[in-house]
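Here are the chains, one letter per residue:
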Amino acid sequence: MFVCLFNGIGTAMQPLIATAYGADNRERVAKTLRLAFLTAAIMGVLFFTLCQAFPETILRIYMKVDEEVLAVGPRIVRLYSISLLVVGFSMVCNYYFQSTLMRWACVIVSVLRGLALPVLF
């Protein structure tokens, strides 16, 4: 759910940046990108805080919780929530690269976020 909300930032900024980039309005591109990064940072901290404070509640939203789940689930939610501090930045970068036709940078960020870094960590 949290990742979908980060996706919303990118989806909202992409046409704005693509249009400004196409019009060679670098100031508008930079302003939109700063706003997207700020929004991602605020949301990341908020989501991280929610996961740290209420891991059992988050588990209950997605599954039927029993004693076994409560024994390990909150720790897993708390560990996973650390990624929420950076995934928003990753998604903003990915949409920025798409908007400015930086194909290889987009592919690299996508592979790192979706495959390489999760396996590494």
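Residues numbered from 1 in each chain as written. Predicted model: local features only at pLDDT ≥ 70, side-chain atom pairs only at ≥ 80, totals over all residues. Heavy atoms only, no water.

Q: For this particular structure, what's the right way to read the environment of glutamate 67?
A: Residue position: glutamate 67 is located in helix α4 (residues 67-81). Linking glutamate 67 and valine 3, residues 64 residues apart in sequence, is a C-alpha distance of 27 Å. (Helix = DSSP H or I, 4+ residues; strand = E, 2+ residues; numbered from the N terminus.)

Q: Hey, could you run me through the environment of leucine 70 in this one?
A: One can find leucine 70 in helix α4. Counting along the chain gives 13 residues from leucine 70 to serine 83, while the straight-line C-alpha distance between them is 21 Å. With near-sequence residues (within four places) excluded, leucine 70 lies in contact with Glu56, Arg60 and Val65. (Contact = heavy atoms within 4.5 Å.)

Q: So what exactly am I meant to see when it comes to the packing of aromatic side chains here?
A: The description of two aromatic rings rests on the distance between their centres and on the angle between their planes. The final tally for this structure, using the stated rule, is four aromatic pairs. A centroid spacing of 4.4 Å and a plane angle of 25° characterise the contact between phenylalanine 2 and phenylalanine 47, whose relative ring orientation is stacked. Within this pair, whereas phenylalanine 2 is found in helix α1 (residues 2-22), its partner phenylalanine 47 is found in helix α2 (residues 26-53), the two being separated by 45 residues in sequence. Relative accessible area serves as the criterion here: at 13%, phenylalanine 2 is assigned to the buried category. Relative to phenylalanine 47, the ring of phenylalanine 6 lies with its centre 5.4 Å away and its plane at 70°, an arrangement referred to as edge-to-face. Of this pair, phenylalanine 6 sits in helix α1 while phenylalanine 47 is found in helix α2, placing the two residues 41 residues apart along the sequence. Phenylalanine 47 gets classed as buried once you look at its relative accessible area, which sits at 5%. (Phe/Tyr/Trp six-rings, centres within 6.5 Å; stacked < 30°, edge-to-face > 60°. Buried < 20%, exposed > 50% of the residue type's maximum accessible area, 1.4 Å probe, protein only.)

Q: What am I meant to see in the packing of α2 against α4 here?
A: For any two helices packed against each other, one specifies the inter-axial angle together with the distance between the axes. Interaxial distance between α2 and α4 falls to 8 Å at its minimum, and their mutual angle equals 165°. Looking at the two axes, α2 sits roughly antiparallel to α4. In the packing of α2 onto α4, the handedness of the crossing is left-handed. Only Val77, Arg78 and Ser81 of α4 make contact with α2, whose side of the interface consists of Phe48, Cys51 and Gln52. When its residues are assigned to classes, the contact of α2 with α4 shows three nonpolar, two polar and one charged. (Axes fitted to C-alpha atoms, helices over the stretch in contact; angles between N-to-C directions. Parallel < 35°, antiparallel > 145°, perpendicular 65-115°, else oblique. Left-handed = near helix turned anticlockwise from the far one by under 90°. Nonpolar A, V, L, I, M, F, W, Y, C, P; charged D, E, K, R; others polar.)

Q: What exactly am I supposed to notice about unusual backbone geometry here?
A: A negative phi angle is the norm for most residues apart from glycine, just as the trans form is the norm for most peptide bonds. At aspartate 24, a residue that is not glycine, the phi angle is positive and equals roughly 60°. Looking at where aspartate 24 falls in the secondary structure, it is placed in the loop between α1 and α2. The phi torsion at leucine 101 lies on the positive side, around 60°, for a residue other than glycine. Following the sequence through the fold, leucine 101 ends up in the loop between α5 (84-99) and α6 (103-120).

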